[in-house]
Amino acid sequence: MNPVILYNNDTSANVPVEAPVERQFYPYADNGGTSLGIAGADFCLLASDTRKSSGYSIHSRYSPKAFKLTEKAVLATNGFAADGLALTKSLCQKLEWYKHAHDKEMSTPALAQMLSNTLYYKRFFPYYTFNLLGGIDDQGRGIVYSFDPVGSMGTELCRAGGSSAALIQPFLDNQVGLKNQQGAQQTPLSLESAIRITKDAFTSATERDIYTGDYLEIFIIRQEGVTVERFDLKKD
Amino acid sequence: MSILEYNGGAIVAMVGKNCVAIGSDKRFGVQLMTVSTEFPKIFPATDKTFIGLPGLATDIRTLSERFRFKINMYKLSEEREIEPRTLAHLVSSTLYERRFGPYFVEPIIAGLDKDNQPFICGMDLIGCINFAKDFVVAGTTTDSLFGVCESLWEPDLEPEDLFETVSQSLLNAVDRDSLAGWGAVIHVVTPERVITRTLKTRMD
Amino acid sequence: MECLIGMVGKDFVLTAADTSAARSITVMKSTEDKSRDLNKHVIMLYSGEPGDTVHFAEYIQRNVRFYEIKNGIELTPKAAATFTRKELATSLRSRHPYAVNLLIAGYDVTALSSQLYWIDYLGSSVNVPFAAHGYGAYYTLSLLDRYHRPDISLDEAKVLVKKCIDELKSRFIINLADFKIKVTDKDGIREIEI
C-alpha cells in the first residue's frame with residue numbers, strides 16, 4: 001500500500017518532526033556482591049563473593065572484586081563493578097609510581113589515606129563503590145578500613161560491605177565484637193575462628209540475598225604476605 | 001519514608017523442639033524521635049499463641065483490639081481455643097478485607113497447636129501468608145534479622161537455647177537499626193508454660 | 001509551632017501548653033487556653049489544625065460527659081484516652097480526618113495513680129511518664145529525659161517545666177510568649193503560676 005495514500009489525511013504525518021528527542025543515560029549500575037573484613041592481632045582477613053549481577057541476571061559467576069594491591073594490603077570493591085575496576089587500576093598505578101619514587105612499598109595506613117583522597121578527588125562524579133581495605137600496618141597488626149563512595153574513612157575490628165552488609169554486620173558484631181554477650185572475654189581472635197565465622201556469614205547471606213553467591217574468596221594478609229583461599233557457595 | 005517505618009519496631013519468631021519463641025523490641029517513635037520505650041508489639045491470642053504486630057502504631061492498637069474481639073467471639077461460638085493455623089487465616093482475611101486501603105502492619109503468629117506442634121507464620125500488610133518452618137521476621141529490621149537468624153538458628157533447639165537464639169538475634173539486629181530497640185520482650189511457648197522475659201538493651 | 005508538655009509526678013500530673021493562637025506569621029491571640037477538662041480529674045491538651053482542634057476537643061468533652069451522665073461513672077484517664085484514640089483512629093480513614101494531637105492527663109481516683117497519655121492525629125496512643133508535642137518536643141524531651149523521676153515532687157516538677165520553657169525561649173526560633181500550666185491531682189484540675 002502506498003504510504004502517501006495511507007497518511008494523506010493526517011497533516012502531522014507530512015510535517016517533519018522538529019522537537020528534540022530526549023534520551024537519558026545513567027552512568028551507574030549496581031552489580032551487587034558482598035565483602036567482609038576482620039582484623040586480627042597479627043593478621044587481617046578480607047573475603048568477597050565472586051558473583052556479578054545486574055537486576056535479575058547473573059553476568060558472571062567468577063568475577064573477583066577483591067584485589068591484592070601490595071604485599072600487605074587487599075582492596076575489596078562493592079557496588080558498581082566498572083568503577084571498582086577503574087579505581088583499582090588507578091590505585092595500582094599510583095602505587096607503582098610511589099615505588100619508583102621512594103624505592104619501597106606504600107604502608108597500609110598510607111594506602112588507606114590515598115584511597116580516601118582518590119575517592120574524594122571525584123567528589124562530584126564519584127566512583128560508585130563501597131570499599132573495604134584490609135591489611136597489616138607497620139607494627140604488623142591487622143587492620144580494616146571501610147569507605148563510602150566519596151572517601152569517608154573509618155577503621156574497624158570487623159565490617160561487612162555490599163549487598164548483604166545489613167545481613168552480615170549484626171552477626172559480626174555478635175561473633176567478632178562479642179556484642180550483647182554478658183561476661184564474654186575479648187580474647188584475641190584466631191585465624192581459624194575468623195575463617196569459620198566468615199564462611200558462616202557468607203553461606204547465610206547466600207541463602208537470603210540473590211546478589212551474593214557462587215564462590216567465596218578469602219584473602220589472608222600476614223607479615224609473610226598474602227594468601228588466597230577459594231570456597232564454593234550456592235549457585236542458585 | 002514508608003508508613004510501615006513511621007513508628008519503627010522489629011519482631012522475630014522461631015521454631016524449636018516442641019516450642020516456639022517470639023520476641024519484639026519496645027520502641028515507639030515518630031520517625032527518628034523516640035516517644036516511648038514501653039511499647040511491646042506482641043499480644044497473647046490464646047494460652048499458647050501470640051500475635052506480633054509491627055508497623056504503624058495506630059493500626060497495631062486497632063488490630064490488637066479487633067483480634068482480641070474476634071478471638072473471644074470464636075471461643076464463645078466454637079467452645080474451644082482457636083488453633084494458631086486458624087488464627088493465621090483469620091488475621092489474613094481481616095487484612096485482605098482492606099485490600100485497597102490496608103492496615104499498615106505485617107503480622108507474625110507463633111504458637112503451639114492442639115497437639116503441641118510448633119507453628120509460626122508471617123504475613124504482609126494485605127494478608128499474604130508465609131508459612132515458615134524455621135523463623136519469620138518483620139518490621140524495620142528485616143534485613144539484619146534475616147542475616148543473623150539465618151546464621152544463629154538451628155533445628156530442634158530446647159526452650160532455653162531457643163530463648164538465647166531469639167534474644168541474640170533480636171538484640172544484635174536492632175542494635176544496627178535506629179528505628180528499633182530500646183528494650184525487648186521475649187515469649188517462649190512450651191507445652192507446659194509460657195516463659196516471658198524482658199531484656200535490657202542498648203538505649204541508643 | 002505549638003507546644004504541649006506533660007509530666008507525671010508522685011501523685012499529680014503537670015501539664016503546660018503555649019497560649020499563642022497564630023495564623024500564618026501573625027499571632028492573633030496570646031491568651032488561648034489549649035485545653036479542655038473532660039471531667040473533674042481528666043484534662044485534655046490539644047494542638048494541630050485550627051478549627052479541627054477545638055471542634056474535636058469539645059466533641060470528646062461532650063461525649064465523655066454524656067457517657068458519665070448516662071452511666072453515672074466518671075471515666076478514668078485510661079478510659080478517656082482509649083475512647084479518644086478510637087475516635088481519632090476511625091477519623092483517620094474517613095473522608096476528612098481530624099488533624100489533632102493530644103495529651104490526656106489525669107488522676108485515676110480508683111487506682112489512686114496519675115497518668116499521662118500521648119496521642120497523635122493518627123490515633124497512636126501511649127502511656128508515658130512525660131511527653132511533648134510539636135517542635136517543642138525536640139527541645140524539651142532531652143531535659144525531661146535527664147531530670148524527670150517517677151517520684152518527682154510538685155515543686156521539682158515546676159522547676160523542670162520552667163527549665164523546658166526557658167530552653168524553648170532561648171533556642172526555639174518561634175516566640176512562644178507564655179504557657180498555661182495546670183496541675184491535675186486527687187483534688188481536681190487547677191492552674192498554677194511558676
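Scroll up for the structure.
I will try to describe carefully the structure that is included in this document. Small disclaimer: the values here were computed from a predicted structure and weren't measured.

1. Considerations on the layout of surface pockets
All names here are of chain C.
Alright, step 1. By volume, the largest pocket amounts to about 1100 Å³.
Alright, step 2. For the largest pocket, the lining is made up of 38 residues, of which Met-1, Glu-2, Ser-47, Gly-48 and Gly-134 are closest to its centre.
Alright, step 3. If you list the elements that add at least two residues to the lining of the largest pocket, you get strand 3 (21–23), strand 4 (26–29), strand 6 (42–48), helix 1 (52–71), strand 10 (130–133) and helix 3 (136–147).
Alright, step 4. The class makeup of the residues in the lining of the largest pocket is 21 nonpolar, 11 polar and six charged.

2. Some thoughts on the interface of chain B and chain C
Size of an interface: often given as the accessible area lost when the parts come together.
Alright, step 1. Tallying the contact residues gives 19 residues for chain B and 18 residues for chain C.
Alright, step 2. Where chain B abuts chain C, roughly 1300 Å² becomes buried across the two surfaces, and 60% of that area is made up of carbon and sulfur atoms.
Alright, step 3. Looking at the side of chain B facing chain C, the largest losses of area belong to Met33(B), Thr58(B) and Arg61(B), adding up to 42% of the total buried there.
Alright, step 4. Where Arg93(C) meets Asp59(B), a salt bridge forms, and the shortest distance between an N and an O atom there is 2.9 Å.

3. Examining the sheet that holds strand 7 (residues 108–112) of chain B
All names here are of chain B.
Alright, step 1. Read from one edge of the open sheet, five strands run 5-6-7-8-9, paired in antiparallel fashion. Every interior strand has two partners, whereas the edge strands, strand 5 (42–46) and strand 9 (129–131), have only one. Across this sheet, the average inter-strand angle for adjacent strands is 20°, counted without regard to direction.
Alright, step 2. With four bridges joining them, strand 5 and strand 6 (residues 49–52) adopt antiparallel strand pairing. Along strand 6, the bridge assignment pairs Thr-46 with Thr-49.
Alright, step 3. Along the sheet, helix 2 (residues 84–96) makes contact with strand 5, strand 6, strand 7, strand 8 (118–123) and strand 9, crossing strand 8 at roughly 10°.

4. Some remarks on the packing of aromatic side chains
Alright, step 1. This structure, assessed with the given rule, holds 15 aromatic pairs over all chains.
Alright, step 2. With a centroid separation of 6.0 Å and 90° between ring planes, the pair formed by Tyr28(A) and Phe80(A) is classed as edge-to-face. Taken together, the residues span a long stretch of sequence, with Tyr28(A) in the loop between helix 2 (11–14) and strand 1 (34–39) and Phe80(A) in the loop between strand 6 (73–79) and helix 3 (81–102) at a distance of 52 residues. The residues Tyr28(A) and Phe80(A) share a single accessibility class, namely buried.
Alright, step 3. Ring geometry for Tyr28(A) and Phe125(A): centres 5.9 Å apart, planes at 55°, overall tilted. Placement of Tyr28(A) in the loop between helix 2 and strand 1 and of Phe125(A) in the loop between helix 4 (108–121) and strand 7 (129–136) is noted, with a sequence separation of 97 residues between them.
Alright, step 4. For Tyr28(A), a relative accessible area of 16% gives the class buried.
Alright, step 5. Connected via pairs of aromatic rings, a cluster forms that spans Tyr26(A), Tyr28(A), Phe80(A), Phe125(A), Tyr128(A) and Phe130(A).
Alright, step 6. When the ring centre of Phe131(B) is taken as reference, the NZ or CZ atom of Arg85(B) above it lies at 5.3 Å.

Reading the values: the criteria
- Residues numbered from 1 in each chain as written.
- Chains lettered and ligands numbered in written order.
- Predicted model: local features only at pLDDT ≥ 70, side-chain atom pairs only at ≥ 80, totals over all residues.
- Heavy atoms only, no water.
- 1 Å grid on protein atoms, 1.4 Å probe; cavity = no way out; pocket = protein on both sides within 12 Å on 5 of 7 lines; lining within 4 Å.
- Points joined across faces, edges and corners; volume = space filled by probe spheres on them.
- Helix = DSSP H or I, 4+ residues; strand = E, 2+ residues; numbered from the N terminus.
- Nonpolar A, V, L, I, M, F, W, Y, C, P; charged D, E, K, R; others polar.
- Contact = heavy atoms within 4.5 Å.
- Buried area = accessible area lost by both parts, 1.4 Å probe.
- Salt bridge = Lys/Arg side-chain N within 4 Å of Asp/Glu carboxyl O.
- Pairing = 2+ DSSP bridges.
- Axes fitted to C-alpha atoms, helices over the stretch in contact; angles between N-to-C directions.
- Phe/Tyr/Trp six-rings, centres within 6.5 Å; stacked < 30°, edge-to-face > 60°.
- Buried < 20%, exposed > 50% of the residue type's maximum accessible area, 1.4 Å probe, protein only.
- Lys NZ or Arg CZ within 6 Å of the ring centre and 35° of its normal.

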